[in-house]
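So you can see what is in the structure, the chains are spelled out below.
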Amino acid sequence: MKIETKVEKFNEPLYLESGRLLESFELIYETYGELNKDKSNVIIVCHALSGSHHAAGRYADEAKPGWWDKFIGDGKAIDTTKYFVICSNTIGSSYGSTNPLSINPSTKIEYRLKFPVITISDIVKAQMKLYERLGIKNAVAVVGGSMGGMQALCYSIEYPTFAKHIIALATTAYTRPWVIGINKIAIEAIRHDKIFNNGNYKKEDLKALGLPGLAVGRMAGLMMYLSPNLFKNKFGRDYVTTDGLYELFGRFEVEKYLEYNSYSFPKFFDPLSYLYICKTINIFDAGRNKDKLEDSFDKIQAKLHLIAFSDDMLFFPEEMEEIRDIMIKLGRKNQVTYKLINSNSGHDSFLVEVEKFQDYVKDILKDNE
Ligand SMILES: CC(C)(COP(=O)(O)OP(=O)(O)OC[C@H]1O[C@@H](n2cnc3c(N)ncnc32)[C@H](O)[C@@H]1OP(=O)(O)O)[C@@H](O)C(=O)NCCC(=O)NCCS
Ligand SMILES: CC(=O)OCC[C@H](N)C(=O)O
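Remember, it's a predicted structure, so these values are computed and weren't measured experimentally.

### Focus on the environment of Asp-193
Looking at the element boundaries, Asp-193 is found in the loop between helix H3 (177–191) and helix H4 (203–209). Sequence-wise, Asp-193 and Glu-17 are 176 residues apart; in three dimensions their C-alpha atoms are separated by 30 Å. Asp-193 has contacts with Leu-211, Pro-212 and Gly-213, leaving out every residue within four places of it along the chain.

What follows is the structure in structure tokens.
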């Protein structure tokens, strides 16, 4: 599979939904496969909260491949022998696109907390500018899970003629108070962390000391991204063999797992980006600026494919079913498909249980062949 990583700089303003703007902006993106002559074989992949533009393939220095490598590649469900796949890092995220640690061209210093709030629409608007620059007018499909699914829905509503298929996994039409509540744990923990220093932390401090607030926030997130059954099967009540059962801070294996995966998080993810992306997720509402949600979904011209996961405790299957029901109510029964996957890995099933939905996606894409 041919992989390329590129950065595109836009010396033009990105007007934001908030009324603010980014004077200029950059997008880092990865592509897989080859663009055909008439640029008609494009598939857009959108990443979730902590994801990046590195969706597939593995670089020589990497322990693990890109986050959706099981799904994207030669002969895989998103087959890079046929399609040219683009995944860009969202504005606000800390993997290389413009984010709170970028230099504000007006002040010549990092934005930090002066960075504007970014919405899913803003993220998609910036991505559309990238495709325009690449001369890409249409996509076969836009595919994304979780916050990536929010972007996929946004494409279908705000750019109705752009993609033939929208494949949204483990997502929602609007973020419920349940998720806003979970994100609040992260927001509070980060804000009150002394090392965070109201956004003025030293990058060296973060490297040396980590950021317990972000770790705690991630831990809360992990509890919602995974599932009780997964924990039961993975850890049971196993106790860390080197820890004493009667030591106050002796640990069950599940505690060790949470410690490992949360305290390692600040090493590769920036706390300001986390705050901004939580806000992006919290304010996502496909029905905003409309009288009702139906008015937004009525705009869709693509085929909308919804994939939900039975043990998703972040965006429950009912939330995807609500979208399907709206489409049916709008008389668009032939334009929507819904698949409920019997999953065991909670919300993150869209990342790890690919074998359960890959054939479904292959069939959707066959429609194009
Ligand atoms: C998605 C995700 C939950 C999938 O997990 P998985 O492939 O099933 O992997 P596991 O949960 O078993 O392991 C995750 C880590 O915990 C470690 N681990 C497993 N059991 C452990 C235990 N009992 N104690 C301590 N650490 C443990 C693993 O060794 C692994 O470490 P590594 O990342 O350094 O290799 C996980 O990769 C993740 O959280 N990724 C980050 C989020 C992401 O990829 N986002 C992309 C969004 S678009
Ligand atoms: C809300 C959301 O995008 O969750 C994604 C969870 C995933 N595990 C991630 O860390 O990105």
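### Observations concerning the UniProt feature "active site" (unreviewed entry) in the protein
With numbering matched to this structure, UniProt assigns "active site" (unreviewed entry) to Ser-146, Asp-312 and His-347. For this annotated set, covering 202 residues, all C-alpha atoms fall within 10.5 Å of each other, a compact arrangement in space. Checked against the element boundaries, Ser-146 lands in the loop between strand S9 (139–145) and helix H2 (147–158). With a relative accessible area of 2%, His-347 lands in the buried category.

### What to know about the sheet that holds strand S4 (residues 25–32)
Taken in spatial order, the 8 strands line up as S1-S4-S8-S5-S9-S10-S11-S12 in an open sheet, and their pairing is mixed. Every interior strand has two partners, whereas the edge strands, strand S1 (3–10) and strand S12 (336–341), have only one. Taken over all neighbouring pairs, the strand axes of this sheet differ in orientation by 20 degrees on average, direction set aside. Pairing analysis gives 5 bridges linking strand S10 (residues 163–169) to strand S11 (residues 303–309), with the strands arranged parallel. The partner of Ile-167 across the bridge, within S11, is His-305. Across the sheet, helix H11 (residues 317–329) touches S10, S11 and S12, and the angle it forms with S11 is around 155 degrees.

### What about the packing of helix H5 (residues 212–225) against helix H7 (residues 253–263)?
The interhelical angle for the contact between H5 and H7, taken along N-to-C directions, is 125 degrees, at an axis separation of 8 Å. With respect to each other, H5 and H7 are oriented oblique. Our pair here, H5 against H7, has a crossing hand that is right-handed. Along the contact surface, H5 presents Pro-212, Ala-215, Arg-218, Met-219, Leu-222 and Met-223, while H7 presents Leu-258, Glu-259, Asn-261, Ser-262 and Tyr-263. When the residues that make up the contact of H5 with H7 are grouped by side-chain class, the tally is 7 nonpolar, 2 polar and 2 charged.

### Description of the packing of aromatic side chains
All chains considered together, the criterion is met by 22 aromatic pairs. Measuring from ring centre to ring centre gives 4.6 Å for Trp-68 and Phe-71, while their planes differ by 50 degrees; the resulting arrangement is tilted. Residue classification places Phe-71 among the buried positions, given a relative accessible area of 0%. Where Phe-265 meets Phe-269, the ring centres are 5.2 Å apart and the plane angle is 10 degrees; that geometry is what we call stacked. Phe-269 gets classed as buried once you look at its relative accessible area, which sits at 1%.

### Considering the site of ligand 2
As a structural note, the neighbourhood of ligand 2 is formed by Ala-48, Leu-49, Ser-50, Gly-51, Ser-146, Met-147, Arg-218, Tyr-225, Ile-281, Leu-314, His-347 and Asp-348. Contacts to ligand 2 include Leu-49, whose backbone N or O atom sits 3.1 Å from an oxygen atom. Within the contact set of ligand 2, an oxygen atom lies 2.6 Å away from a side-chain nitrogen or oxygen of Ser-50. Classifying every residue of the shell around ligand 2 gives 6 nonpolar, 4 polar and 2 charged.

### Some remarks on the pairing of S9
Taken across its 7 residues, S9 has 7 buried, putting it largely inside the fold. This β-α-β element, S9 to H2 to S10, shows right-handed connectivity.

### Some thoughts on the pattern of salt bridges
Applying the stated rule across the entire model yields 25 salt bridges. The partner of Lys-6 in a salt bridge is Glu-4, and the shortest N-O contact between them spans 3.8 Å. Between Lys-292 and Asp-295 there is a salt bridge, with its nearest N and O atoms 3.2 Å apart. Look at Lys-292 and you get partly exposed, because its relative accessible area is 45%. Via salt bridges that share partners, Lys-2, Glu-4, Lys-6 and Glu-34 belong to a single interconnected network.

Rules used throughout
- Residues numbered from 1 in each chain as written.
- Chains lettered and ligands numbered in written order.
- Predicted model: local features only at pLDDT ≥ 70, side-chain atom pairs only at ≥ 80, totals over all residues.
- Heavy atoms only, no water.
- Helix = DSSP H or I, 4+ residues; strand = E, 2+ residues; numbered from the N terminus.
- Contact = heavy atoms within 4.5 Å.
- UniProt positions renumbered as here; feature names shortened; annotations may be inferred.
- Buried < 20%, exposed > 50% of the residue type's maximum accessible area, 1.4 Å probe, protein only.
- Pairing = 2+ DSSP bridges.
- Axes fitted to C-alpha atoms, helices over the stretch in contact; angles between N-to-C directions.
- Parallel < 35°, antiparallel > 145°, perpendicular 65-115°, else oblique.
- Left-handed = near helix turned anticlockwise from the far one by under 90°.
- Nonpolar A, V, L, I, M, F, W, Y, C, P; charged D, E, K, R; others polar.
- Phe/Tyr/Trp six-rings, centres within 6.5 Å; stacked < 30°, edge-to-face > 60°.
- Near = heavy atom within 4 Å.
- Polar contact = N/O pair within 3.5 Å; in protein donor to acceptor, adjacent residues only side chain to side chain.
- Right-handed = clockwise from strand over helix to strand, strands pointing away.
- Salt bridge = Lys/Arg side-chain N within 4 Å of Asp/Glu carboxyl O.

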